[in-house]
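Observations on the model geometry
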Amino acid sequence: MGEKVILISDERQATSLPITPATTLPTDGLLADALGRPLRDLRISVTDRCNFRCSYCMPKEVFDKHYTFLPHASLLSFEEITRTAAQFVRLGVTKLRLTGGEPLLRKNLEVLIAMLADLRTPDGEPLDITLTTNGSLLKRKAQMLKDAGLRRLTVSLDALDDAIFQHMNDVGFPVADVLAGIDEAVAVGLGPIKVNMVVKRGTNDHEIVPMAGYFRERYGAKVVLRFIEFMDVGETNGWRMDDVLPSAQVMQRIHAHWPLAPVQATATGETAERWRYLDNQGEIGLISSVTQAFCRDCNRARLSTEGQLYLCLFASQGYDLRSLLRGGASDEDLQRALAGIWAQRQDRYSELRGAGALPASPGGRRVEMHYIGG
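Values in this document were obtained by computation on a predicted structure and should not be read as measured data.

**Overview of the overall build of the chain**
Assigned secondary structure in the chain consists of 11 helices and 12 strands. Counting all 374 residues of the chain, 54% fall into the buried class. Across the chain, every contact between residues at least 6 apart in sequence was considered, and the portion connecting residues at least 24 apart equals 75%. Of the roughly 16200 Å² of accessible surface on the chain, 51% is carried by carbon and sulfur atoms.

**Concerning the environment of T94**
Structurally, T94 can be placed in the loop between helix 1 (78-90) and strand 2 (95-99). By relative accessible area, which is 39% here, T94 ends up partly exposed. Sequence spacing of T94 and D128 is 34 residues, and the spatial spacing of their C-alpha atoms is 6.3 Å. Apart from the residues lying within four places of it in its own chain, the contact partners of T94 are R40, T121, L127 and D128.

**Description of the confidence of the model for the chain**
Predicted confidence across the chain gives a mean pLDDT of 87, with 85% of residues reaching 70 or more. The low-confidence segment residues 1-17 (pLDDT under 50) makes 30 contacts with residues lying over four places distant or belonging to another chain.

**Digging into the side chain of S74**
Turning to its location among the elements, S74 is positioned in the loop between strand 1 (41-45) and helix 1. Given the relative accessible area of 17%, S74 is considered buried.

**Observations regarding helix 9 (residues 331-343)**
Spanning 13 residues, helix 9 covers 18 Å between terminal C-alpha atoms, matching the ideal 18 Å at 1.5 Å per step. When helix 9 is considered as a whole, its buried residues turn out to be L334, Q335, A337, L338, A339, G340, I341 and W342. Buried residues in helix 9 make contact with helix 1, strand 10 (300-303), strand 11 (308-310), strand 12 (319-320) and helix 8 (321-325).

**Examining the packing of helix 1 against helix 9**
Packing of helix 1 against helix 9 leaves a shortest axis separation of 10 Å and a crossing angle of 60°. Classified by the angle their axes make, helix 1 and helix 9 are oblique. Note on packing geometry: the crossing formed by helix 1 with helix 9 is right-handed. Listed contacts from helix 9 to R83, T84, Q87, F88 and R90 of helix 1 are D331, L334, Q335 and L338. For the contact of helix 1 with helix 9, the residue count by class is three nonpolar, three polar and three charged.

**A word on helix 4 (residues 162-169)**
Every buried residue of helix 4 is accounted for by I164, F165, M168 and N169. Looking down the long axis of helix 4, one finds its buried residues gathered within 120° of arc, a one-sided arrangement. Exposed side chains of helix 4 directed beyond 90 degrees from the buried face belong to A163 and H167. Looking at the buried positions of helix 4, the neighbouring elements they touch are helix 5 (175-188) and strand 5 (193-199). For helix 4, the N-terminal capping position is held by D161, with its side-chain oxygen 3.0 Å away from the main-chain nitrogen of A163. Positive phi shows up at D170, right after helix 4, with a value of about 60°.

**Let's talk about the pattern of salt bridges**
Under the criterion given, the structure shown has 14 salt bridges. Measuring nitrogen to oxygen at the nearest pair gives 3.0 Å for the salt bridge that ties R216 to E217. When salt bridges with common partners are traced through the structure, they connect D33, R37 and R345 into a single cluster.

**Things to note about the pairing of strand 2**
Here strand 2 lies mainly inside the structure; five of its five residues are buried. With burial as the criterion, each face of strand 2 is covered, one bearing K95, R97 and T99 and the other bearing L96 and L98. Relative to strand 2, strand 1 is paired through five bridges, and the arrangement is parallel. Bridge assignment links L42 to a residue of strand 2, and that residue is L96. With helix 1 bridging strand 1 and the parallel strand 2, this β-α-β connection has right-handed handedness. The pairing of strand 2 with strand 3 (residues 128-133) spans four bridges and is parallel. Along strand 3, the bridge assignment pairs L98 with L131. Since strand 2 and strand 3 lie parallel, the crossover through helix 2 (residues 109-117) that links them has a hand, and here it is right-handed.

**Regarding the sheet that holds strand 8 (residues 273-277)**
A sheet is described by the order of its strands in space; here 12 strands give the open sequence 7-8-9-6-5-4-3-2-1-10-11-12, paired in mixed fashion. Of all strands in the sheet, those bounded by a partner on one side alone are strand 7 (260-263) and strand 12. Where helix 2 meets the sheet, its contacts fall on strand 2 and strand 3, and the angle it forms with strand 2 comes to roughly 170°. Packed on one face of the sheet, helix 6 (residues 208-219) meets strand 5, strand 6 (223-229) and strand 8 and runs near 160° to strand 6.

Criteria and thresholds
- Residues numbered from 1 in each chain as written.
- Predicted model: local features only at pLDDT ≥ 70, side-chain atom pairs only at ≥ 80, totals over all residues.
- Heavy atoms only, no water.
- Helix = DSSP H or I, 4+ residues; strand = E, 2+ residues; numbered from the N terminus.
- Buried < 20%, exposed > 50% of the residue type's maximum accessible area, 1.4 Å probe, protein only.
- Contact = heavy atoms within 4.5 Å.
- Areas by Shrake-Rupley, 256 points an atom, 1.4 Å probe, with all protein chains shown as cover.
- pLDDT = per-residue confidence, 0-100.
- Expected span 1.5 Å × (residues − 1).
- Axes fitted to C-alpha atoms, helices over the stretch in contact; angles between N-to-C directions.
- Parallel < 35°, antiparallel > 145°, perpendicular 65-115°, else oblique.
- Left-handed = near helix turned anticlockwise from the far one by under 90°.
- Nonpolar A, V, L, I, M, F, W, Y, C, P; charged D, E, K, R; others polar.
- Arc of directions from axis to C-beta.
- Polar contact = N/O pair within 3.5 Å; in protein donor to acceptor, adjacent residues only side chain to side chain.
- Salt bridge = Lys/Arg side-chain N within 4 Å of Asp/Glu carboxyl O.
- Pairing = 2+ DSSP bridges.
- Right-handed = clockwise from strand over helix to strand, strands pointing away.

Set out below in structure tokens:
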């Protein structure tokens, strides 16, 4: 009793071979899924590798030195990523987020950013290009990323206390180096920068107020600190509801020190509920996918490192776009396939979980977050 069970099989192929799109649709007119949600945001994983071993994402018990990551030949090339992104843009995507794993581990990533920065919407507007990083390589790469066309970024940081932070990243990486990376990103003009803190009750929740105090006093509106409820992503992070600290309690803790007021959302599909400090020292965000699911407005698709398209962070099956890309499909073929995939989308995992309506026998193990990004 009480033993922690760790699955050691490769979760990427735990259910069956990836699906190749069977239904295609014309791409004229408004593209919406089966629940009426548009497609606006594409998250692109450029690597399944990471130099951290955070327990809520890549626990060391599973992702050890013997774990086999994807070979380079399996990864989408920069040209394949850019071609795929271009078709998504023609279907309504206006925002691209590069993720991982740790995306800065992908060699020459700035080349890909420059290629994506050249894309334009059908109206001729530039895209909102951003990136999520653990910050370990940010200090020496921030200027390069900015010069390539990156507009802003998000840094994952779960504690200011060095002992807590090193315990959570599980590789002994010092928090000072991440903070130095954030300083450099602010200095080169990547902003506003978002800092994401995954809150796990009993592990780092005592860091909520120190984190809020540090970022509001040091950066004001230049950095937005966001608190994320610990989620049941993948199959290896040992998630329990008891470990979730509801965002409402996070807000109450901060409000007791620095009064807050709600901020109106600026765009449909925003994941974070925004709160501003009444003394004008910036704002915070609350991402409550466990206690306040936002599935009804989700407009995000996820492209994995090897070209599988996932329609939900909690999905167990992807659609094989790489076979289309390498099998001679035209741009029109690819667009029609994407339209067909999105049109049948009904995913709303968090909403069903919150309502206690998840199926008793789920259809396969959920994909791991390091494979499709957060």
